[in-house]
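For reference, the chains in residue letters:
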Amino acid sequence: PTVTSPCKILKCNSEFWAATSGSHHLGAEEAPEFCTALRAYAHCTRRTARTCRGDLAYHSAVHGIDDLMVQHNCSKDGPTSQPRLRTLPPGDSQERSDSPEICHYEKSFHKHSAAPNYTHCGLFGDPHLRTFTDTFQTCKVQGAWPLIDNNYLNVQVTNTPVLPGSSATATSKLTIIFKSFQECVDQKVYQAEMDELPAAFVDGSKNGGDKHGANSLKITEKVSGQHIEIQAKYIGTTIVVRQVGRYLTFAVRMPEEVVNAVEDRDSQGLYLCLRGCPVNQQIDFQAVRSAQATEGRARRKGPSLPAPPEAFTYETATAKCREKLPVEDLYFQSCVFDLLTTGDVNFMLAAYYAFEDVKMLHSNKDKLHLYERTRALTPGNMAPTGTHPALWVALLCLCWLCLL
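A few points on the structure.

Calculation rules
Residues numbered from 1 in each chain as written. Predicted model: local features only at pLDDT ≥ 70, side-chain atom pairs only at ≥ 80, totals over all residues. Heavy atoms only, no water. Helix = DSSP H or I, 4+ residues; strand = E, 2+ residues; numbered from the N terminus. Contact = heavy atoms within 4.5 Å. Areas by Shrake-Rupley, 256 points an atom, 1.4 Å probe, with all protein chains shown as cover. Buried < 20%, exposed > 50% of the residue type's maximum accessible area, 1.4 Å probe, protein only. Pairing = 2+ DSSP bridges. Core = buried A, V, L, I, M, F, W, Y, C linked by side-chain atoms within 4.5 Å. Disulfide = S-S within 2.5 Å. Expected span 1.5 Å × (residues − 1). Arc of directions from axis to C-beta.

Here we look at the overall build of the chain
Broken down by element type, the chain carries 11 helices and 12 strands. Relative to all contacts within the chain whose residues are 6 or more apart in sequence, the contacts with residues 24 or more apart total 61%. Accessible surface for the chain amounts to roughly 20,000 Å². Of this, 53% is attributable to carbon and sulfur atoms.

In structure tokens form, the structure reads like this:
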């Protein structure tokens, strides 16, 4: 059975934001409705308190509620229904034309020089990683792993087994911490879990806080519960998080200058988007694919995988993936791999959306597709690279003489 957190603080956060969307500039007539939504928020946190004792997002929300109660003179006693407040009229989207220039990366850092070089990293499926250097890996990485760790933000993913006893894992939790930056943004934390893809930070806000350039960090909900986008203009970064099936996918577009903004390069050894997965966590994609083609499903080192709930043969998995991914690149091969190891057709959609995100975020349109390196040798029937043909013939003759 899949693992999910009993703490439902993310649900409380998203419900509060849904009830108060567009109410950042409250009029006097809206204050009672805001207080009603705030009391409902407090009631929701109390219901989940027992299962959230060690959750930082929960404690942050509780303190935030107390502060908001004081700021808006809200009574703790009163109705707790959740009427949706009026949204801001079109054209008043909280964009501040007077935001400081330092809060717009391209304007501040590269005003008199060439445009910055952007890089892309993505994580999806079982799980497959495309690094900032366009290296493609299939990894195990069960548990919590740092995906990005630099001077501006941290991203951590948690991967859990897809099937009992299986080494096939997928991303079940994602935490993004945007660090406080000059007069632009306060520190903000975003968390998503299986079946919980909020359109707000853990404190219920959708921007960078109370600073002058707060709107240089914003969350936009593209598809409710399925697709959110975070724009961090102060560092020139775009992040896309999706829930496909029960699991999460991650994609980011980030300037090289921000990628490499680390105080201690030696401490970044497990920063997956930059360094890739550790060697002992990587899966030999070619070897597994060969096994899939000949045996009908993937086999990994260690105990055999249990049979997936829906059995795909190599042929049916290939046909299914071709419906969404007509080019047989590594995204297509990842799709086939995941269908054979999990039997879950949602992994096909994860590969499809991962490639759609690459098309949107990657700066080099000639590098959208990735292909396996062609091995110069077929094991067992060709000479090693660098061996002279005449020497190889001589060695074969010597072997025949030995046999005679």
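Still to come is the rest of the account.
Remarks on the pairing of strand S9 (residues 227-232)
Burial within S9 is extensive, with five of its six residues counted as buried. Across six bridges, the pairing between strand S8 (residues 217-223) and S9 is antiparallel. Across the sheet, Thr 220 pairs through a bridge with Glu 229, a residue of S9. The turn joining S8 and S9, which pair antiparallel and follow one another in sequence, is formed by three residues; a positive phi near 75° is taken by Gly 225. Bridging between S9 and strand S10 (residues 237-244) involves six bridges; their strand directions are antiparallel.

Some details on the nonpolar core
Within the largest apolar cluster, 47 residues are counted, with the highest numbers of intra-cluster contacts made by Ile 148, Leu 153, Ile 176, Phe 178, Tyr 234 and Phe 250. For this core, the leading source of residues is strand S11 (residues 247-255), giving four residues. Once you skip the residues sitting within four places of it in the chain, Phe 178 turns out to touch Tyr 152, Leu 153, Asp 186, Gln 187, Lys 188, Phe 201, Leu 217, Ile 230, Ala 232, Tyr 234 and Ile 239. Counting residues in hydrophobic clusters, the runner-up holds 22 residues, among them Leu 10, Cys 35, Tyr 41 and Cys 74.

With respect to the state of the cysteines
Linking two cysteines covalently via their sulfur atoms produces the bond known as a disulfide. Applying the stated criterion across every chain, the model contains seven disulfides. Note on cysteine connectivity: Cys 35 is disulfide-linked to Cys 74, with sulfurs 1.9 Å apart. The disulfide joining Cys 35 to Cys 74 has a torsion of about -75° about its S-S bond and is therefore left-handed. Taken together, the residues Cys 35 in helix H2 (residues 31-47) and Cys 74 in the loop between helix H3 (56-71) and helix H4 (105-109) connect sequence positions 39 residues apart. For Cys 74, a relative accessible area of 10% translates into the label buried. Disulfide pairing is shown between Cys 139 and Cys 277; the S-S distance is 2.1 Å. Looking down the S-S bond of the Cys 139 and Cys 277 bridge, the torsion is 95°, so its handedness is right-handed. Of this pair, Cys 139 sits in strand S3 (residues 136-139) while Cys 277 is found in the loop between helix H6 (272-275) and strand S12 (282-283), placing the two residues 138 residues apart along the sequence.

Some details on H3
Spanning 16 residues, H3 covers 23 Å between terminal C-alpha atoms, matching the ideal 22 Å at 1.5 Å per step. For H3, the set of buried residues is Ala 57, Tyr 58, Ala 61, Ile 65, Leu 68 and Met 69. Around the axis of H3, the buried residues are gathered within 110° of arc, so they sit on the same side. Along H3, exposed side chains directed more than 90 degrees from the buried face belong to Leu 56, His 63, Val 70 and Gln 71. Once H3 finishes, Asn 73 follows within two positions and takes phi at roughly 55°, a positive value.

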